[in-house]
Every structure is written in structure tokens, then in C-alpha cells.
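Spelled out from the first residue to the last, the chains are:
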Amino acid sequence: MLTEEARFQAFMDRINRGEKIEATDWMPEEYRLLLIKLIHMHGVSEIMGAYPEKEWVPKAPTLKRKLAIMAKVQDEVGHGQLLLRVVEDLAAPLNKTREDLIEDIYKNKVKFHNVFHMEARSWADAGLIGWLVDGAAITIQASLLQSSYGPYARVLKRVCAEESFHMKHGESIILALATGTPEQRKMLQEALDYWWESLLFFFGPREITPAVDRMLYYRIRVLTNEELRQKYLDKYVPRIQSLGIKIPDPQLRFDREKNCWVYTDPDWDRFSRMVHFNEGPKSRERVEMRRQAHEDQRWVREALLRARKQAV
Amino acid sequence: MKIEQASVAKSNPVYAEALVNWLYQLADDELVIGHRDSEWLGMCPDIEGDVAFSSIAQDEVGHANFYFTLLHELGEKDPDALAFSRPANSRRNALLLEHENHDWAYSVVRHMFYDLWDELRLKAFSDSSYFPLSRGAARMLREEYYHSLHMTTWFVQLGSAGGEAKEKMNAAIRKIWPDLGDLFYIDQEKMLLQFGIIQESSASMKEKWEEQIKGLVQKAGLTWPGPVPGVQMNGRLGEHSDDLKRLIETMGEVYTLDPAAKW
């Protein structure tokens, strides 16, 4: 019989050798809880992330755009489903079910990404979400492909493949606007002005928080927030600039000596309150929509359970 | 007679007019129901159902795009103009399809009623004299099979679950019933039959539809509301409710900012 300490050591040896941990493997309680916290938030963000674009699904201005944005939002909901399935397995020993994981959203027990608390005010915003928000999400998710937790890393393979389609979908909308009429270009510039700060915040604080530190230790994550933000700026600043639109940060530049981007800090405090207390411009309304979707249709889920019992 | 392409159809103006008229009825049905389906995004009873409903919505709008493309080949405006900028009184969809989604029961019942009709209708032109249409019918029938399977499964399960679900399903059927008339109405039907654009009459299809629905209502333990009413308001002739006006306004909100712009 292994001692507790030896069992933990064997687990860490596996992680340090780059092996993947599976749902049925023994894992330390801390590892399980960190995974639940991370993946639950990720899954819920995908589901709540459907709402800003959902508002533009009925208004997409061509048949092709209509089809594309429907498919895109459908993918997001699908990612939410895949990720919640991963959390369901992890949370089963804690007696948590899918119902709990969804209810946590409107009981304010789980957070979701700051960008999904923001308004989607125009068609340009809808395009920009696809291009730059999904672009930011890919940056983070691609680094998580190396995560030590196997089921998460595998689901992320599909998520990343689909997100890169979304990025192309968003880019295509943005390119049409950037090469369009003065009104369309104005709409695009206003979108970037509105979203820029929240895109920087998306990657989280500069400093390494205790939770992130533990996730790095267990190789649940492999890069820090700041490393991810820098990667994102590397990739997207030149792309944005090539469209002839202005990034609303006069301080933004690449510092060759320090070999990194210098930028004006987003209002950490404001965005952090938005995420922690649902104080964003659209937080309450969207959480309420999720509550309605779940509670108003409870009769449907209950009826299906009854129908299945009768069929047995 | 088989007509392989639009240019040949156009050389017979009477044929072309009947065909164009028919394609509008098909296109508008699919666009409007697909749009309504997409409003369920993020609001379905569970996430799995959400993903499924969205696939159906995409199929329907894809079919609308197919019909609008055929119309464009026959000399009508481009598909986006047809979808986004026609006023309500020139739309030919059935009234039932334009109404708001109400609750899940209403959406399921309406969709199943429509899917079974659409399937019969597709079969009626799967050997159409207009080849581009019959070719499309074969592809769409493959997709519609899954739509009706999905919706009949919901219908039977929710009905047979009893309790609140059964009450809501019966209420939905009662609410939908008076709106059914123009669904089965085919404008210029005689011409369409004469030209072999369709090969089954609406009366014969309606009879089959009633038989299928009766069977499903019974299987689900629900209540048959009696004879299907005749046409009251006729969407096929451009008579519509304010629901459609609002739908068109919403759908065209961005498009009409500048219809000349590329989006």
C-alpha cells in the first residue's frame, strides 16, 4: 500500500514526464478542484459567449453571413457542452450534476470571461468578437493543448480547430467593413475603440495569482497570463494595423530592448468587478436569459425523464 | 418534358411565371421558419437541444438560399435582395411560420406540422419537369428526414409524458390549428400540375398529412382538434400579420443601412 506521500509523488512524476491524467485516475483533491474551477468557467464562458453574437444572428446582413453566424454561435454552445461533460466527470465524486453546473451561472457561483459582459452594439462588434475575441481565446486554448489533464486537452483539439474557423469568419466580416464605405469603416473603428481594453483584460492580471501558480505547478496550464497576452499582441497588432484602423492606445509599442509589448493597462479594477459581481453593461441581462432558458424549460427536461421512465 | 436549365425555362414565359411563383412560396417558407428557429439559440431546454435546433435552422436557411438562387437564375433579383428587402405584402410564406416562437411546445408542434408538409411537398417535385428543382429536392429530402425524425420524437415524448407537458402540447395544437389553412394552399396549382413542376395535388398531400398527424397525435396521447380549417388569411397571396413585418424589419436592420454596401 502506497503512503499518501508516495502516491502524490508518483502522480507528480507522471505529470513531470508529460503523461496525461485521465478521469478515472487517482488525483489530488487540489488538482481536481483546480480543474473543475478552470473548465467550469471555460464551459460557462462558451455558453454565455453565445449571447453577444446571438443578438446579431437575426440581423446578419446577407444569407451567407446569416448561415455563418448561426453555425458559429452553435459551435460555441457545442463547446460549452463538450467542456461541461468534462466537468461532469470531475465533479461526480462531489455529487454535482449538469443541472448544478448550469444553475451556478445564475446563482453567481461561477464566473465567465469579461468580454461576454460587454455590449455587442453593432454588426462590426459582432465581426470583431469573432476575429479578436476568438483570436484571444485561441491563443489561450492552443497553450492548453499541452494541459496535463487528458480529457480537457482532447476536447480542446476540436475547440481550437473550430475557433480558428470563427477567427476566419470574424476576419472576413471585418475585411468587408475595412474595405467598405466610410460608414462601415467608422463602425469598425468604433468597435475596436470599444473592445480594445477588454481584450487586454481577457488574459488576466500581469502578476501570477496563487491559483495560476498552482495550475502551472500541475501543468494544467503552461504559460502565464502575460506570456499569453504578449503572444496575442505579436500576432494581432500588425494585422489590425494593416487594416488602417487605429488601436486606441497611444502608449502601445514594441520595446526592442525588453523584447515585449508595452501597453496602457486596462482598468483592472473595473473589469474585475464586472466579472466578480456581474456588473458589466450586459451581465445581468444575459445571466437572466440563461436563468429563463433553464428555469422556463424545466418542464421539458422533467417531461423527458418521465417519458423515458415510461418507455423502460 | 425535362427542362435542364433556367434559360430554357425562360423561353416559355407561362412556364417560367408559374415556376417563379412556386419558388417564392418555397423560399419564403424556409427563410421564415429558419429565422424563427435561430431565435432559439441559447434558449433551448438543454445545451444538446440547442445544438440540434441550430442545425435545423441552418438547413432551412440553406434551403431558402437554394430556392432564391434558382429564382435569381430565372431573372429575379439577387438572393440577398430577395431575402432582405421585399416588403411583407410580397412575401408568400404560410402565416403559421411567421408567428413568434411562443413556448417550446408551440415551436415543436409547429415545426413537426411544417416538416411533414414540407416532406410531402418535396416528394411532389422530386421528379419535377424543372431539373434544377428535382435535383435540389433529392438533397433536401435527405435533410428533412432528420428534421421530421427529431420533431416527431419530441412530439411523442412530450405528449406521452403526461402532466404539464401534455397540457402545453394540447394547448399548442389548439393555438396552431386555426392558422393552418394557407399552409396547404398552392398558388397557381393547376398550372404547376399541368407543367409537371409538381406531380401531386395539394388536396391529395393534405389528406396524407392529416393521416400522418392523426397517427402521431394518437401515439402521443394528445387530442385531435377536429377538421383542418380552410384558408382564412392567405399568406401565399401576400396577406400577413404584424409578426412578419417585425421579422423583416429585424432581419433587414443591417442590410438596409446601405443596401449598396458589401457586407
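Scroll up to find the structure.
Just so it is clear, the structure is predicted and the values come from calculations on it, not from any experiment.

Undergrad: What is the right way to read the overall build of chain A from this model?
TA: Of the regular secondary structure elements, chain A holds 13 helices and two strands. For chain A, the spread of C-alpha atoms along the principal axes amounts to about 70 × 60 × 30 Å. Across the 312 residues in chain A, those meeting the buried criterion constitute 57%. Long-range pairs, those at least 24 residues apart, make up 77% of the contacts in chain A with a sequence separation of at least 6. Computed over 49 positive and 46 negative side-chain charges, the inter-centroid distance for chain A is 4 Å.

Undergrad: So what exactly am I meant to see when it comes to unusual backbone geometry here?
TA: A negative phi angle characterises most non-glycine residues, just as the trans form characterises most peptide bonds. Its identity as a non-glycine residue notwithstanding, Asn 108 of chain A has a phi of 55°, on the positive side. Examined against the element boundaries, Asn 108 of chain A turns out to sit in the loop between helix 5 (98-106) and helix 6 (123-144). Backbone geometry places Gln 188 of chain B, a non-glycine residue, at a positive phi of 60°. Secondary-structure assignment places Gln 188 of chain B in the loop between helix 8 (163-176) and helix 9 (189-194). Under the relative-accessibility criterion, Gln 188 of chain B is labelled partly exposed at 28%.

Undergrad: I keep staring at helix 5 of chain A and nothing clicks. Help me out?
TA: An α-helix turns once per 3.6 residues; consequently, residues spaced three or four apart project the same way. With seven of nine residues buried, helix 5 of chain A is to be regarded as a mostly interior element. For helix 5 of chain A, the full list of buried residues reads Arg 98, Leu 101, Ile 102, Glu 103, Asp 104, Ile 105 and Tyr 106 of chain A. In the core, the buried residues of helix 5 of chain A are packed alongside helix 2 (29-48), helix 4 (63-91), helix 12 (283-296) and helix 13 (298-311) of chain A together with helix 3 (47-73) of chain B.

Undergrad: Is there a simple way to explain the interface of chain B and chain A in this structure?
TA: Listed by partner, the interface residues are 49 residues for chain B and 43 residues for chain A. Across the salt bridge formed by Lys 59 of chain A and Glu 253 of chain B, the nearest N and O atoms sit 3.3 Å from each other. On inspection of chain B and its partner chain A, the count reaches 18 residue pairs in polar contact (both at pLDDT 80 or more). Elements with a contribution of two residues or more to the side of chain B that touches chain A: helix 2 (13-38), helix 3, helix 4 (79-84), helix 6 (104-124), helix 7 (131-160), helix 8 and helix 11 (242-251) of chain B. Ranked by residues supplied to the side of chain B that touches chain A, first place goes to helix 3 of chain B with twelve residues. Split into classes, the residues belonging to the side of chain B that touches chain A amount to 26 nonpolar, 13 polar and ten charged.

Calculation criteria
- Residues numbered from 1 in each chain as written.
- Chains lettered and ligands numbered in written order.
- Predicted model: local features only at pLDDT ≥ 70, side-chain atom pairs only at ≥ 80, totals over all residues.
- Heavy atoms only, no water.
- Helix = DSSP H or I, 4+ residues; strand = E, 2+ residues; numbered from the N terminus.
- Buried < 20%, exposed > 50% of the residue type's maximum accessible area, 1.4 Å probe, protein only.
- Contact = heavy atoms within 4.5 Å.
- Lys, Arg positive; Asp, Glu negative; His and termini not counted.
- Charge placed at Lys NZ, Arg CZ, Asp CG, Glu CD.
- Salt bridge = Lys/Arg side-chain N within 4 Å of Asp/Glu carboxyl O.
- Polar contact = N/O pair within 3.5 Å; in protein donor to acceptor, adjacent residues only side chain to side chain.
- Nonpolar A, V, L, I, M, F, W, Y, C, P; charged D, E, K, R; others polar.

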